[in-house]
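Okay, here's what each chain looks like letter by letter:
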Amino acid sequence: MLDLIKIEYKKIIPYRTFWVIFGLVFLLTPAVFYGIGQMGNDTVSFSSIYQFPDVWNNITYLGSWFNLLIGMCVVILICNEFSFKTFRQHVIDGQDKVDFIVSKVLLIVSFALFSALYLFIVGFLFGSISGGSDVSFVKDIKYLLIYFIQAIGYMSVALIVATLVRSTALSIILFLSSIAIESIIQLAIPYPFDKYFPMEIIANLTPNPFLKDIAVQPGIEIANPLAEAQIPLNTTLIVAVVYIFIFWGITYFILTKKDIK
Amino acid sequence: MTAVLNINGISKSYGKVKALNNLTLQINQGEVFGILGPNGSGKTTTLGIILDVLNADAGSFTWNGEAPSKYSRKKIGSLLETPNFYPYLTARQNLSIVCKIKEVNESEVDRVLSVVDLISRANSKFKTFSLGMKQRLAIASALLGNPDTLVLDEPTNGLDPQGIAEIRAIILDLANEGKTIIMASHILDEVEKTCTHVAVLKLGNLLTHGPIQTILNTQEQVCVSSDDLEILKLTLSQIDGVSNINQTGGKIYLMLAEGKDSAYLNKALFDKGIVASEIGIQKSDLEANFLELIK
Ligand SMILES: Nc1ncnc2c1ncn2[C@@H]1O[C@H](COP(=O)(O)OP(=O)(O)OP(=O)(O)O)[C@@H](O)[C@H]1O
Ligand SMILES: [Mg+2]
């Protein structure tokens, strides 16, 4: 196991695309978070988003958007294995399909871990500097754990799409449009089953905090997952974890069915 | 002799194309086994199946008597079709990944890079390599860990004449060390110079297999002529070590036993009172033999 993850990082540490994407995410997260807090006018102030304990819900909600970028990075890394034929070479050299899945899952979990850790640092700094709240910083820190699961969820979707499609450009398009594709399918599914679709479940892990706190701007309609879905966060979490395992299983199934070209 | 590889009735189809039809082969330790055949005859398909990247429709195979697994593949050095590496990584970084997969000491990287003459470019990115350099790197990769068995699909593909000679020398060295080498090729000259055994495939069918001398008739022939061919023929048949006498045109062709050369033949004829007007060594025409085989 340790060797498998070491091999994964040997591949990506010298890879520029990997650094560009993570660099972007790690730079933009605090920058955008800071920017949002500075918005507002005399009547509405956004600066309270920095305060404990709200900061955890707020920063993970923001982070969830960047999860799409990280998922894109996973798509690229996995499609590379097929387009460079290095997956095939790894099998020839002495790995098997289980090693492939385990390697990629370990990579995904490590990415999620780094991102969650980074959000913790950013959130903690914003919360500490802004002051104005007496609650302990650990209150509501569960959002970080939920974010961690969500990150794994998005990246597992990336894994399955990349393994199925194998072409980088097509996989990125399909991955980024998966939410849209899902919502079209949902139209045909009766309530409440439509609320259990994977992308929606994963997205709902980090509920939109702005809907709780701030008056909804007229003209912008955002579904409030908490109000509408009425699936408690705990249930969402369990369903998401189940989906993640299903995704890994399907990915393995796809691999075993196909010749390795 | 122990079988390194046992292939048992393997078949593989791509839709309507029967790429491999009930192939059964045994490859023994120490053999340099050439798989010959025209384009699309199923050579790569065979190697892909025994390396577990292609799923056979039927049949089975064993490595050293055991069911194939990733552990058996770790001990085989393989080059299948094209060199596959990360373009943005250097030669050294790429091989270091292979070392980790094969559970081989990293010190092997510099050794194999030296063997294929790439050590001076060890820190260049793979994508900057020429075709021949990529092929050399793939061969280097197959040599990592000094495996007892090598599987090589057209190992000299894309190499310059010097490169071909070098790789051939490497293969011969490995063969002399007693390693088992399974090699697909359509370069007859290459097969003749390196292989001890061959199998010939055509459209997925095994046409024939066995020691290379018997299959491709690689033994050298001696051609002799003199004034009276009938007497010559009769005399030749009485000389020790002479076989396969036949007459074509105005010349007699024959084979000499191991250790006997044309000087021996000349002396033997002279002792019997015959002066040969011509004695020459005739290389057998591999290409003609091969084309005859796959007709
Ligand atoms: N992925 C594939 N899809 C469809 N047909 C294939 C595929 N791979 C191989 N084939 C077919 O299988 C047959 C055998 O191909 P294979 O690659 O084994 O030939 P080969 O002996 O290695 O040829 P070459 O000397 O050109 O390398 C060919 O008819 C080929 O068209
Ligand atoms: Mg081939």
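All values reported here derive from a predicted model rather than from experimental measurement.

The rules behind the values
Residues numbered from 1 in each chain as written. Chains lettered and ligands numbered in written order. Predicted model: local features only at pLDDT ≥ 70, side-chain atom pairs only at ≥ 80, totals over all residues. Heavy atoms only, no water. Helix = DSSP H or I, 4+ residues; strand = E, 2+ residues; numbered from the N terminus. Buried < 20%, exposed > 50% of the residue type's maximum accessible area, 1.4 Å probe, protein only. Contact = heavy atoms within 4.5 Å. Lys, Arg positive; Asp, Glu negative; His and termini not counted. Charge placed at Lys NZ, Arg CZ, Asp CG, Glu CD. Near = heavy atom within 4 Å. Polar contact = N/O pair within 3.5 Å; in protein donor to acceptor, adjacent residues only side chain to side chain. Areas by Shrake-Rupley, 256 points an atom, 1.4 Å probe, with all protein chains shown as cover. Buried area = accessible area lost by both parts, 1.4 Å probe. Salt bridge = Lys/Arg side-chain N within 4 Å of Asp/Glu carboxyl O. Pairing = 2+ DSSP bridges. Axes fitted to C-alpha atoms, helices over the stretch in contact; angles between N-to-C directions. Domains from an automatic or database assignment. Nonpolar A, V, L, I, M, F, W, Y, C, P; charged D, E, K, R; others polar. Phe/Tyr/Trp six-rings, centres within 6.5 Å; stacked < 30°, edge-to-face > 60°. Lys NZ or Arg CZ within 6 Å of the ring centre and 35° of its normal.

Chemist: I'd like a description of the overall build of chain B, backed by residues and values.
Modeler: Along the backbone of chain B there are 11 helices and 13 strands. Projecting the C-alpha coordinates of chain B onto the three principal axes gives extents of approximately 70 × 45 × 35 Å. Burial analysis of chain B (295 residues in total) assigns 51% to the buried set. Within chain B, contacts between residues at least 6 apart in sequence are counted, and of these 66% link residues at least 24 apart. The average position of the 28 basic charges and that of the 32 acidic charges among the side chains of chain B differ by 9 Å.

Chemist: Before we move on, can you summarise the site of ligand 1 with the specific residues and values?
Modeler: Near ligand 1 there are 14 residues, and of these Asn 39, Gly 40, Lys 43, Thr 44 and Thr 45 of chain B occur at the shortest range. At the site occupied by ligand 1, the surrounding residues belong to chains A and B. Within the contact set of ligand 1, an oxygen atom lies 3.0 Å away from a backbone nitrogen or oxygen of Gly 42 of chain B. Considered on its own, ligand 1 offers 640 Å² of accessible surface; in the complex 66% of this is hidden by protein. The set of elements that each furnish at least two residues to the shell around ligand 1 consists of strand S2 (17-28) and helix H1 (43-50) of chain B. The element that contributes the greatest number of residues to the shell around ligand 1 is H1 of chain B, accounting for three residues.

Chemist: If you had to explain helix H4 (residues 86-93) of chain A to someone new, which residues and values would you point to?
Modeler: Residue and element names in this part refer to chain A. By the criterion of burial, H4 is predominantly enclosed, with eight of the eight residues buried. Residues of H4 that are buried: Thr 86, Phe 87, Arg 88, Gln 89, His 90, Val 91, Ile 92 and Asp 93. Looking one or two places after H4, you find Gly 94, whose phi comes out positive at around 125°.

Chemist: Any details on the interface of chain A and chain B? Residues and values, ideally.
Modeler: Each side of the interface is counted separately: chain A has 27 residues, and chain B has 28 residues. The junction of chain A with chain B conceals about 2,600 Å² of combined surface from both sides, 54% of it contributed by carbon and sulfur atoms. When residues of chain A are sorted by the area they lose upon contact with chain B, Lys 10, Ile 92 and Asp 93 of chain A head the list and together hold 24% of the total. The interface formed by chain A and chain B contains four salt bridges. The shortest N-O distance in the salt bridge between Lys 70 of chain B and Asp 99 of chain A comes to 2.9 Å. Listed by contribution, the elements that provide at least two residues to the side of chain A that touches chain B are helix H1 (2-12), H4, helix H5 (97-130) and helix H12 (233-257) of chain A. It is H4 of chain A that provides the largest number of residues to the side of chain A that touches chain B, a total of seven residues.

Chemist: Describe the sheet that holds strand S12 (residues 251-256) of chain B, with residues and values.
Modeler: Residues and elements named next belong to chain B. Strands sit in the order S11-S12-S10-S13 across an open sheet of four strands; the sheet is antiparallel. Every interior strand has two partners, whereas the edge strands, strand S11 (242-248) and strand S13 (278-282), have only one. Each adjacent strand pair in this sheet contributes to an overall mean axis angle of 25°, direction not counted. Sheet topology note: the strand S10 (residues 221-225)/S12 ladder contains three bridges and is antiparallel. Counted as the bridge partner of Cys 223 is Tyr 253 from S12. Here helix H9 (residues 229-238) sits on the sheet and contacts S10, S11 and S12; the angle it forms with S11, its principal contact strand, is near 165°. Set on the sheet, helix H10 (residues 262-271) makes contact with S10, S11, S12 and S13; between it and S13 the angle comes to about 150°.

Chemist: I'd like a description of the sheet that holds strand S1 (residues 3-14) of chain B, backed by residues and values.
Modeler: Residue and element names in this part refer to chain B. What the three strands build is an open sheet, ordered S2-S1-S4; its pairing is antiparallel. Unpaired on one side and paired on the other, S2 and strand S4 (58-63) mark the two borders of the sheet. In this sheet, neighbouring strand axes are inclined to one another by 15° on average, regardless of whether the strands run parallel or antiparallel. In terms of strand pairing, S1 meets S2 through eight bridges, oriented antiparallel. Bridge pairing in S2 places Asn 6 opposite Gln 26.

Chemist: Requested: an account of the environment of Asp 285 of chain B, with residues and values cited.
Modeler: All names here are of chain B. Take Asp 285: it is sitting in the loop between S13 and helix H11 (286-293). By relative accessible area, which is 47% here, Asp 285 ends up partly exposed. Separated by 242 residues in sequence, Asp 285 and Lys 43 place their C-alpha atoms 23 Å apart.

Chemist: Before we move on, can you summarise the side chain of Ser 226 of chain B with the specific residues and values?
Modeler: All names here are of chain B. Within the secondary structure layout, Ser 226 lies in the loop between S10 and H9. By relative accessible area, which is 14% here, Ser 226 ends up buried. Ignoring sequence-local partners within four residues, the contact set of Ser 226 consists of Leu 232, Ile 274, Val 275, Ala 276 and Ser 277.

Chemist: Tell me what's going on with unusual backbone geometry, and back it up with residues and numbers.
Modeler: Look at the link from Phe 52 of chain A to Pro 53 of chain A: it is a cis peptide, with omega at -5°. With respect to the helices and strands, the residue Pro 53 of chain A is situated in the loop between helix H2 (16-38) and helix H3 (54-83). Even without a glycine there, the phi angle at Lys 85 of chain A is positive, about 60°. For Lys 85 of chain A, the location among the structural elements is in the loop between H3 and H4. Unusually for a residue other than glycine, Asp 52 of chain B sits at a positive phi of about 70°. Note on placement: Asp 52 of chain B falls in the loop between H1 and S4. Its relative accessible area of 25% is what places Asp 52 of chain B among the partly exposed residues.

Chemist: Summarise the domain arrangement of chain B; cite the residues concerned and give the values.
Modeler: All names here are of chain B. Along its sequence, chain B is carved into domain 1 (3-75 + 148-211), domain 2 (88-144) and domain 3 (221-294). Computed from C-alpha coordinates alone, the two centres of domain 1 and domain 3 are separated by 35 Å. With nine residues of domain 1 at the interface, the matching set in domain 3 holds six residues. With both chains or domains summed, domain 1 and domain 3 bury close to 660 Å², and 81% of this area falls on carbon and sulfur atoms. The largest share of the area that domain 1 buries against domain 3 comes from Leu 188, Glu 192 and Val 200, three residues that together contribute 56% of it. Scanning the region where domain 1 abuts domain 3 turns up zero residue pairs in polar contact (both at pLDDT 80 or more). Among the secondary structure elements, those contributing two or more residues to the side of domain 1 that touches domain 3 are helix H7 (188-194), strand S8 (197-202) and strand S9 (205-211). Of the residues in the side of domain 1 that touches domain 3, the class split is five nonpolar, two polar and two charged.

Chemist: Give a description of the packing of aromatic side chains that names residues and reports values.
Modeler: Under the counting rule described, the total for this entry stands at 27 aromatic pairs over all chains. Pairing Phe 84 of chain A with Tyr 86 of chain B gives two aromatic rings, centres 6.1 Å apart and planes at 85°, and the pair type is edge-to-face. Of the two residues, Phe 84 of chain A is situated in the loop between H3 and H4 and Tyr 86 of chain B in the loop between strand S5 (76-79) and helix H3 (91-102); the pairing between them involves two chains. Taking NZ or CZ as reference, Lys 260 of chain B lies 5.2 Å from the ring centre of Tyr 264 of chain B, over its face.

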